[in-house]
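# Architecture and fold: a report
Each chain, written out:
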Amino acid sequence: MAPIRMIDIAVNFTDGMFKGIYNGKQHHVSDIATVLSRAWNAGVDRIIVTGGSLEESKEALAIAETDGRLFCTVGVHPTRCKEFEESGDPEKHFQALLALAKEGIQKGKVVAIGECGLDYDRLHFCPPEIQKKYFEKQFELAYATKLPMFLHMRAAAEDFCEIVERNINKFIGGVTHSFTGSAEDCDKLLSFHNMYVGVNGCSLKMAENLDVVRGIPVERMMIETDSPYCEIKSTHAGINFVKSLWPSKKKEKYDQESLVKGRNEPCLVRQVLEVVAGCKGISDIDQLSATLYQNTCRVFFPHDLDSAADALLAGRHESE
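An unreviewed UniProt entry annotates the chain as Deoxyribonuclease TATDN1 isoform X1 originating from Durio zibethinus. UniProt's Sequence similarities (unreviewed entry) comment on the chain is quoted here verbatim: "Belongs to the metallo-dependent hydrolases superfamily. TatD-type hydrolase family."

Moving on to the UniProt feature "binding site: a divalent metal cation 2" (unreviewed entry) in the chain. Mapped onto this numbering, the UniProt entry annotates "binding site: a divalent metal cation 2" (unreviewed entry) at H152 and H177. These annotated residues cover 26 residues of sequence, and their C-alpha atoms lie no more than 5.9 Å from one another, placing them together at a single site. With respect to the helices, strands and loops of the structure, H152 is situated in strand β7 (residues 149-154). When its relative accessible area of 4% is taken as the criterion, H152 is described as buried. When neighbours within four sequence positions are excluded, H152 is seen to be in contact with H77, P78, E115, C116, G117, L118, D119, R122, F160 and H177.

Moving on: the packing of aromatic side chains. Two aromatic rings are characterised by how far apart their centres lie and by the angle between their planes. For the structure shown, the criterion picks out six aromatic pairs. Taking 4.9 Å as the distance between ring centres and 75° as the angle between the ring planes, the aromatic pair formed by F13 and F18 counts as edge-to-face. Three or more aromatic residues joined by ring pairs make a cluster, and in this case those are F135, F139, F160 and F171. A cation over a ring is seen here: K137 above F94, with NZ or CZ 4.4 Å from the ring centre.

Calculation rules
- Residues numbered from 1 in each chain as written.
- Predicted model: local features only at pLDDT ≥ 70, side-chain atom pairs only at ≥ 80, totals over all residues.
- Heavy atoms only, no water.
- UniProt positions renumbered as here; feature names shortened; annotations may be inferred.
- Helix = DSSP H or I, 4+ residues; strand = E, 2+ residues; numbered from the N terminus.
- Buried < 20%, exposed > 50% of the residue type's maximum accessible area, 1.4 Å probe, protein only.
- Contact = heavy atoms within 4.5 Å.
- Phe/Tyr/Trp six-rings, centres within 6.5 Å; stacked < 30°, edge-to-face > 60°.
- Lys NZ or Arg CZ within 6 Å of the ring centre and 35° of its normal.

Put into structure tokens, the structure is as follows:
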């Protein structure tokens with residue numbers, strides 16, 4: 001039986017916690033290499049590093065270049081969209097993002113435009129009008145690069161879906177990641193033929209969240225950690241379905257053999273897979289992981305699907 005293979009579509013490796021910095025204070029050494037080795041051992045074989053601003057996207061690309069299994073996004077998160085205007089020249093800022101995306105495509109590293117979208121839970125960071133304006137603008141990045149989109153939607157389903165619908169022909173596909181919305185919101189997203197839904201610990205918190213996840217067809221789902229955030233906590237509704245556990249210690253007692261308590265990391269995407277399987281009553285976790293893996297390749301790594309399909313066909317021809 002093939003081992004379980006997973007792709008974590010959302011890891012925030014640019015976050016200070018992976019450099020050992022929590023709330024501005026250094027607690028341990030930078031440990032991305034250790035975190036990666038735990039992920040590879042858990043069956044993760046690719047990770048997409050999230051960019052949420054121009055500077056962060058540059059850093060995400062630099063991190064992605066350190067390992068053949070790392071990839072990244074280029075884009076501006078809704079809560080940071082003020083940076084377009086604060087740069088003094090929004091068009092120049094847009095062109096810098098476009099140039100970075102093109103550079104990353106040439107390096108075989110940038111696989112999506114994002115993280116972009118709308119976040120009405122955190123309007124204190126950026127007002128809705130600016131969010132909407134620059135969410136819409138980033139579809140032009142997707143159109144110019146022919147890349148899929150890595151999207152963020154919080155408490156903004158109506159405006160978000162309206163903008164996606166208006167720009168449906170500008171992007172080839174995408175995922176609305178870290179989904180925490182209602183069943184209605186989910187149905188709206190799934191009505192776009194090229195949209196997938198990303199599920200992580202935040203999507204599995206309450207019994208109501210699990211009900212929504214039960215309704216997402218596995219053919220339209222991807223899994224992620226969104227680490228270092230969105231871990232599955234012991235108080236979460238999905239915790240009973242978790243089978244894989246790792247030892248953890250507080251950051252003050254850092255030990256590279258253990259996870260840091262309260263810091264999510266990509267190896268834990270395995271738990272997301274287990275909770276999805278458990279709440280959907282799926283006993284064949286290998287088949288589930290294969291479907292999710294294929295969904296992810298279809299959107300972000302289409303060349304692989306082509307070569308896998310070619311290999312299958314070649315195998316069939318040989319056996320004939």
